[in-house]
Amino acid sequence: MIEECNENTRDFEAEGTKSPFELSQVQEEYLKELNIPSDVWKGMSSESQAQQLEFIVGRFNEIDMPEGFNKEEAMGKLFSPEIVESYKQLEAPQDFIQIEQVSDVLVNCEELNFERWQSLELSEKESVLNALEVKIAEIEHRPPCPVRLVNMPVNMWGGFNPGSKTIDINRSYVEASAQDNGLFREILDTLVHEGRHAYQDYNVNVCEVHPRHSEVNSWAETMTGGKWGYHGDTSTLLGQRLYEQQSIEIDARNFAADVLDKFDQKIMA
């Protein structure tokens, strides 16, 4: 079906009736098959609506669209207003918006004032990290992950567990962060970094909400079961380099660094 759509795209472009940023008639009909009238949509349960939106997202992703294509504009032409509004809420914001909003969440958390953080009990610190994760997950349009403080080797800050869908952070570092502002900042970096892994996992394995399909494909390649498979052996220098250069690690590292840079700028302003 998609090969047929792509062929028709080339035919329409050859006739001069469609630009590279428009859908062909075949593609439009393929997407419109999933349209539902407003009255029917309003009578559906939230679970049924979510499933229908996943079908729509799946069809959009099946069609090879050029960079810069406006999905929301196409949605407005092909689907009922209620579906369009729900779709806007489903698709996650662009990364630069996520970075801005996540940094705001950190800035607006009173417990992240370092003097306040120092006075918190360990259980209270865990509660703060869980509350932050709920807000970050909302921005990223994914379910929140329970944040657990666990015993880990000294060389590990934390990790996202794709099986249990939890974010684990090294308990000893959280405890020590009360005396060390640098460790405190690393805890925040770990929370955002592992949350980004949860976002990657959600896009690849549950529902694609990330605005750029090509990036999701790249993440899938370096996850367990992907084209290259996930490389987690850091016991050698080469293994460490291979681990660091995986697409999901580069993305999570850069995303967290940008968020923390914004956070630093805002608290210094």
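Residues numbered from 1 in each chain as written. Predicted model: local features only at pLDDT ≥ 70, side-chain atom pairs only at ≥ 80, totals over all residues. Heavy atoms only, no water.

Caption draft 1: Here's a closer look at the packing of aromatic side chains. The final tally for this structure, using the stated rule, is 5 aromatic pairs. Measuring from ring centre to ring centre gives 6.0 Å for Y199 and W219, while their planes differ by 65°; the resulting arrangement is edge-to-face. Taken together, the residues span a long stretch of sequence, with Y199 in helix α11 (residues 181–205) and W219 in helix α12 (residues 213–221) at a distance of 20 residues. By the ring-pair criterion, three or more aromatic residues cluster together here, those being F114, W117 and F184. Positioned above the aromatic ring of W117, the side-chain terminus of K125 is 5.3 Å from the ring centre. (Phe/Tyr/Trp six-rings, centres within 6.5 Å; stacked < 30°, edge-to-face > 60°. Helix = DSSP H or I, 4+ residues; strand = E, 2+ residues; numbered from the N terminus. Lys NZ or Arg CZ within 6 Å of the ring centre and 35° of its normal.)

Caption draft 2: The pattern of salt bridges, seen in detail. Per the counting criterion, the structure on display carries 16 salt bridges. Of the charged contacts in the structure, one is a salt bridge between K32 and E29, with a shortest N-O distance of 3.4 Å. Of this pair, K32 and E29 are both found in helix α2 (residues 25–32), 3 residues apart, which corresponds to roughly one turn of the helix. Residue K32 is classed as partly exposed on the basis of its relative accessible area, which comes to 35%. With relative accessibility at 41%, the residue E29 sits in the partly exposed group. (Salt bridge = Lys/Arg side-chain N within 4 Å of Asp/Glu carboxyl O. Buried < 20%, exposed > 50% of the residue type's maximum accessible area, 1.4 Å probe, protein only.)

Caption draft 3: The layout of surface pockets, seen in detail. Roughly 960 Å³ of volume is contained in the largest pocket. Lining the largest pocket are 29 residues, and of these E194, H197, Y230, Y243 and E249 lie nearest its centre. Among the elements of the structure, β2 (158–161), α11, α13 (237–244) and α14 (247–268) are those that each provide at least two residues to the lining of the largest pocket. Take the lining of the largest pocket: its biggest share by element is 10 residues, from α11. Broken down by class, the residue content of the lining of the largest pocket amounts to 9 nonpolar, 12 polar and 8 charged. (1 Å grid on protein atoms, 1.4 Å probe; cavity = no way out; pocket = protein on both sides within 12 Å on 5 of 7 lines; lining within 4 Å. Points joined across faces, edges and corners; volume = space filled by probe spheres on them. Nonpolar A, V, L, I, M, F, W, Y, C, P; charged D, E, K, R; others polar.)

Fair warning: the whole summary comes from geometry, so function is off the table for now.
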